[in-house]
Amino acid sequence: MVKGTPLFRAHLSEKKILALGSHIAEGCGVRKPFQLFNWPAGMPANDQFSSIKMDGGLQWNVSQLYNAGIVTLYSGGDTNRDGVLNSLDIDAIYQHLTVAPPSYVGIWPRTLLTWSPALAQCDVNGDGAVTQDDVTYELNHYFLTNYGAANLDTATGFVDFQTLLNNWQNSGAGIGWTQADFNGDGTVDFLDFQMLLNYWSPGGWNFAPSEAPEPASVSLIILGGLALFRRKA
Ligand SMILES: [Ca+2]
Ligand SMILES: [Ca+2]
Ligand SMILES: [Ca+2]
């Protein structure tokens, strides 16, 4: 499962911090469950890390850390953390905005959230807020496209216009980016049509492939030391 089989038997008896970052090389792929520890018999509840720090802007799924010793690195742009990069990740950003889109005409119809680190997965540009800029970043960096591309190909053109017509004046659950709700307000209307016109580019967008986070390494630092930390026999 893991090159070099860096499995550890570990027992923690003091307050410990687990830091997951990118600066210490240890092979690990995106979205591949990574066996970090081999707990002797599951991790006792009172033996857990005092905190888990995710360094370098990386996001990890640690839901299996204590029962199976496994962590999984999320892929960039997977804002709803379902393991797939698709239009639902754009919808998730719009549904978790902490700041109303500055150019929005009218009163933003969704509830604006108060920023907290729990929203970090939607803060794809890493500026400590969930805003329209995150949608732009998501589109440009992870989909290599732009506003108006309902089908998330790399052009804003007639196919997208047809999608907008097909969903004209629709709103509510089930309406999102794929249905041509480009401004994320939950309704397909003239504002989305205006956005489509503003970004009309049937010849295609030309964003360079992202240099963004495709971390090839995992780092493990355990601060404070382990009371017992030995390689599995
Ligand atoms: Ca996703
Ligand atoms: Ca942001
Ligand atoms: Ca809309």
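The structure displayed is predicted, hence computed values, not measured ones.

Caption draft 1: Broad picture of the packing of helix 4 (residues 158-166) against helix 5 (residues 190-198). Following both chains from N to C, one finds helix 4 and helix 5 inclined at 175 degrees, their axes separated by 11 Å at the closest point. Relative to helix 5, helix 4 is oriented roughly antiparallel. Seen from helix 4, the contacting residues are Asp-160, Phe-161 and Leu-164; seen from helix 5, they are Asp-192, Phe-193 and Leu-196. In terms of residue class, the contact of helix 4 with helix 5 is built from 4 nonpolar, no polar and 2 charged.

Caption draft 2: Structural context of the confidence of the model for the chain. The predicted model of the chain averages 81 in pLDDT, with 74% of residues at 70 or higher. Overall, residues 211-221 carries pLDDT values under 50, and its contacts beyond four positions in sequence, including any with other chains, amount to 33 contacts. Contacts for the low-pLDDT stretch residues 223-233, under 50 throughout, to residues beyond four places or in other chains number 23 contacts.

Caption draft 3: The arrangement of the packing of helix 2 (residues 87-94) against helix 3 (residues 132-142) in detail. Running from N to C, helix 2 and helix 3 point in directions that differ by 165 degrees, and their axes come no closer than 9 Å. Looking at the two axes, helix 2 sits roughly antiparallel to helix 3. Handedness of the helix 2/helix 3 crossing: right-handed. Residue-level contacts link Asp-89, Ile-90, Ile-93 and Tyr-94 of helix 2 to Asp-134, Val-135 and Glu-138 of helix 3. Among the residues forming the contact of helix 2 with helix 3, the class breakdown is 4 nonpolar, no polar and 3 charged.

So, how was this worked out
- Residues numbered from 1 in each chain as written.
- Chains lettered and ligands numbered in written order.
- Predicted model: local features only at pLDDT ≥ 70, side-chain atom pairs only at ≥ 80, totals over all residues.
- Axes fitted to C-alpha atoms, helices over the stretch in contact; angles between N-to-C directions.
- Helix = DSSP H or I, 4+ residues; strand = E, 2+ residues; numbered from the N terminus.
- Parallel < 35°, antiparallel > 145°, perpendicular 65-115°, else oblique.
- Contact = placed C-beta atoms within 7 Å.
- Nonpolar A, V, L, I, M, F, W, Y, C, P; charged D, E, K, R; others polar.
- pLDDT = per-residue confidence, 0-100.
- Left-handed = near helix turned anticlockwise from the far one by under 90°.

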